[in-house]
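Architecture and fold: a report
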Amino acid sequence: MKISLSRRDFLKISYISFLAGLTACRNLTITEEVPVTTATPKPTVTPSPTVTPSPTATAFQCSPNDEFYNRLLTLNGERYVTQVPDTLDFQKHAELSLNALTRCTNPDADYSVYFYGKVNRNPPILTDADVVPNPTSFNGKFSEAALMMRQISGSDFNQQVDQTWRVKFLRWLVQANPSLTGPDLGRLFAWMALLYKIEGDECYRQLGEKVIGQILLQSRLQDDYRYFPTENGAEPTDWEMVSHGWTLQGIAHFYEVTGFSPAESLGKEFARYLKDHSGMFDANGRFLYRHQREFGEVLHFHHNGNTLLSIAELAAITGDQELAGFARQGYEYARSVGSPLVGFFPEYVPDYPGQLPYADCETCCVADMVLLALYLTKAGQSDYWDDVDRYVRNQLVENQMAHGTWIDEYLANLPVSPVPEGATGDKVPERVIGSFSGWASANEYLIDMNQPLVSACCTGNGSRALYYVWQNMLNLDQGRLTVNLLFNRASRWADVNSFIPYEGRVDVHLKTECELEIRLPEWGAPEEASGVVNNTPVELSYSGRYARFGRLQRGDIATLTFPIIERTVDTQIGDRSYRLVIKGNDVVDIRPAGIWCPYYQRSHYRQPIAPLIELQRYVG
Ligand SMILES: [Zn+2]
């Protein structure tokens, strides 16, 4: 969501400040900071409180200490230099994200996140961060996304930034003993669950169990559903209702990694509230929640979409087919109001013709749809892998700003004006690289240069979508390696080298003995596909769209090839008409072309041979 006021107001309303000036991190070894702090380091003086175990906790009692708070995320996976096709690579996008996630921050206020930026002035500025340290201000989307991007890339770039966030949040969590609800704290609950999965420290689990206990205490059970009552004791409406979706996401991901059964029942009670009692959806999952704008009540895609996603995530994690089926109906509706061909989904559902000046694409909406398609596929509701493929290859990665030179070009004719108090104009065109657009069109980064240059919700959610696609594109289960999406990726089990869209070809370099199956994209015909193992042709069998290679050995190289062709499509995206050239699922040309940070500068993709590049791989 783009309403930073509600983010901060939510924190102010919900929580009491327990800590002040406790955020210095003493054990850092990384000093690659780019925004230069002028703050004097503060000593860490907090005593080490003992977490009271919940009734269901094991005998182990967590006693958070300085080592726990200050522990630096280790990135000691395997690194090696190799040649790969120069095609879409999550590692590169993760490194771009880390630039924006760590540099669009205020080092004088605990690296508080600049939520917005402006480019329609010279110099461009970043705004809406804390000016002085605020002990109860957190950006959960950035914390979680930074952790995820480091898992993909192995990068320690500016690691002191997310380390500062870690120390501050965990100290607050232990002392304040809160529930974790709403956008930032819900995501921080999911961040803690991911840390538990990575580090295996039981402290995270026990802290999470206490959070579940607080949520149970503060929420109300009615029949088979649960919600947080308003101050008047009523069922929530408006923003308080929407925030339940982020709370549910934290609960769902904590349950996923711990199997803590109260989290499962609690999550289903919240999901039933959102599905049947909140009024956000009709019986078929269509979006109903609107909020007030100057031109009337509008249907904000992401507020509804993220809530639907929270239901889908819980359904996939718990195997609840009733909830999953509902989310699938909602997904099909949401898919119909955007352009699934490229993954353009509008900030506002266009059911008010003439009232909105344009239909822009907010990355949060693209992320909602990528993740809905992914989780509904994992839940067994349908095979939406091609939806994921189209959304990621096109609107999602194009929405990520790859360079800032277009900003300098735009500024060339603007007079210089003073930087307002509380904002920064320092190196903004460099710092925003890697941000995901909040107001994109189908062909450029900003549909309206008067809209914000960055919107932190979009950078957090866009990065998170990248992570889950990266994580789920291949999987080893019971000796069978399944490759669902044909992107470049290194892993412990195999390295996938994709030549798409230059060539219809993918190489899988096996690192373990296993059965191998590779999913053919929707544009590849099984009868035209060929399999080769170590330069020897092999007979493929098929299970649905999956080409089966049989049992292969460590060191084998399996290659799947199939024809890839271009087609021209005339279509409407948002409220505008375009002519696209599409090769496989990749848009390789768009007309009319965009102007400011134009999309689909991909004429090289129309060549028949993929160039190879040398890079360092990281496998955590
Ligand atoms: Zn957004």
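Notes on the structure in this doc start here. (Residues numbered from 1 in each chain as written. Predicted model: local features only at pLDDT ≥ 70, side-chain atom pairs only at ≥ 80, totals over all residues.)

Here Arg 393 lies in helix H14 (residues 385–398). For the pair Arg 393 and Pro 501, spaced 108 residues apart in sequence, the C-alpha to C-alpha distance is 10.0 Å. Setting aside residues no more than four positions away along its own chain, Arg 393 makes contact with Leu 88, Asn 585 and Asp 586. (Helix = DSSP H or I, 4+ residues; strand = E, 2+ residues; numbered from the N terminus. Contact = placed C-beta atoms within 7 Å.)

Turning to the packing of helix H9 (residues 244–258) against helix H11 (residues 301–318), a few remarks are in order. Across the interface, H9 lies against H11 with an axial gap of 8 Å and an inter-helix angle of 20°. One finds that H9 runs roughly parallel with respect to H11. Pair H9 / H11 crosses with left-handed handedness. Mapping the contact onto sequence places Gly 245, Leu 248, Gln 249, Ala 252, Tyr 255 and Glu 256 in H9 and Asn 306, Thr 307, Ser 310, Glu 313, Leu 314 and Ile 317 in H11. When its residues are assigned to classes, the contact of H9 with H11 shows five nonpolar, five polar and two charged. (Axes fitted to C-alpha atoms, helices over the stretch in contact; angles between N-to-C directions. Parallel < 35°, antiparallel > 145°, perpendicular 65-115°, else oblique. Left-handed = near helix turned anticlockwise from the far one by under 90°. Nonpolar A, V, L, I, M, F, W, Y, C, P; charged D, E, K, R; others polar.)

Side chains that are nonpolar tend, in soluble globular proteins, to be buried together. Counting 170 residues, the largest nonpolar core has Ala 312, Ala 327, Val 370 and Leu 372 as the members making the most contacts within it. Top contributing element to this core by residue count: helix H13 (residues 363–378), with twelve residues. With near-sequence residues (within four places) excluded, Ala 327 lies in contact with Gly 285, Leu 308, Ile 311, Ala 312, Ala 315, Leu 372 and Leu 376. (Core = buried A, V, L, I, M, F, W, Y, C linked by C-beta atoms within 7 Å. Buried ≥ 20, exposed ≤ 12 C-beta atoms within 10 Å, placed from the backbone.)

Our focus in this paragraph is the pairing of strand E10 (residues 474–477). A regular strand places its side chains on the two faces of the sheet in alternate fashion. As paired strands, E10 and strand E11 (residues 480–483) are joined by four bridges and run antiparallel to one another. Pairing of Leu 476 across the sheet is with Leu 481, part of E11. Where E10 folds back on E11, the antiparallel hairpin that results is connected by two residues, among which Gln 478 adopts a positive phi of roughly 50°. (Pairing = 2+ DSSP bridges.)

Attention now moves to unusual backbone geometry. A cis amide bond links Asn 122 to the next residue, Pro 123, at an omega of 0°. Within the fold, Pro 123 resides in the loop between strand E4 (116–118) and strand E5 (125–127). The omega torsion of the bond from Arg 591 to Pro 592 falls at -5°, within 30 degrees of zero and hence cis. As for its position among the elements, Pro 592 is in the loop between strand E22 (586–591) and strand E23 (612–619). Not every positive phi belongs to a glycine, and Asp 223 is a case in point at roughly 55°. Position of Asp 223 among the secondary structure elements: in the loop between strand E6 (220–222) and strand E7 (225–227). For Asp 238, which is not glycine, the phi torsion reads 50° and is therefore positive. Examined against the element boundaries, Asp 238 turns out to sit in helix H8 (residues 238–242). Assessed through the 14 C-beta atoms surrounding it within 10 Å, Asp 238 is described here as partly exposed.

What follows covers the sheet that holds E11. Note: strands within a sheet are paired through backbone hydrogen bonds, in either parallel or antiparallel orientation. Reading across the sheet, the five strands line up as E10-E11-E14-E18-E17 and stay open at both edges, with mixed pairing between neighbours. A strand with exactly one partner marks an edge of an open sheet, and here the two such strands are E10 and strand E17 (541–543). With direction set aside, neighbouring strand axes in the sheet form an average angle of 25°. As paired strands, E11 and strand E14 (residues 514–519) are joined by four bridges and run parallel to one another. Within E14, the position partnered with Val 483 by the bridge is Ile 518.

Strand order in the open sheet formed by five strands is E12-E13-E19-E15-E16, with antiparallel pairing between adjacent strands. Because the sheet does not close on itself, it has two edges, and the strands there are strand E12 (494–498) and strand E16 (536–538). Averaged over all pairs of adjacent strands, the angle between their axes in this sheet comes to 25°, without regard to strand direction. Relative to strand E19 (residues 557–561), strand E15 (residues 530–533) runs antiparallel, the two being bridged by four bridges. If you follow Ser 530 over to E19, its bridge partner there is Thr 561.

At a minimum axis separation of 10 Å, helix H4 (residues 140–153) and helix H5 (residues 159–176) run at an interaxial angle of 125°. By the criterion of interaxial angle, the relationship of H4 to H5 is oblique. Our pair here, H4 against H5, has a crossing hand that is left-handed. Where H4 approaches H5, its residues Ser 143, Ala 146 and Leu 147 are matched on the opposing element by Asp 162, Trp 165 and Phe 169. Taken together, the residues of the contact of H4 with H5 sort by class into four nonpolar, one polar and one charged.

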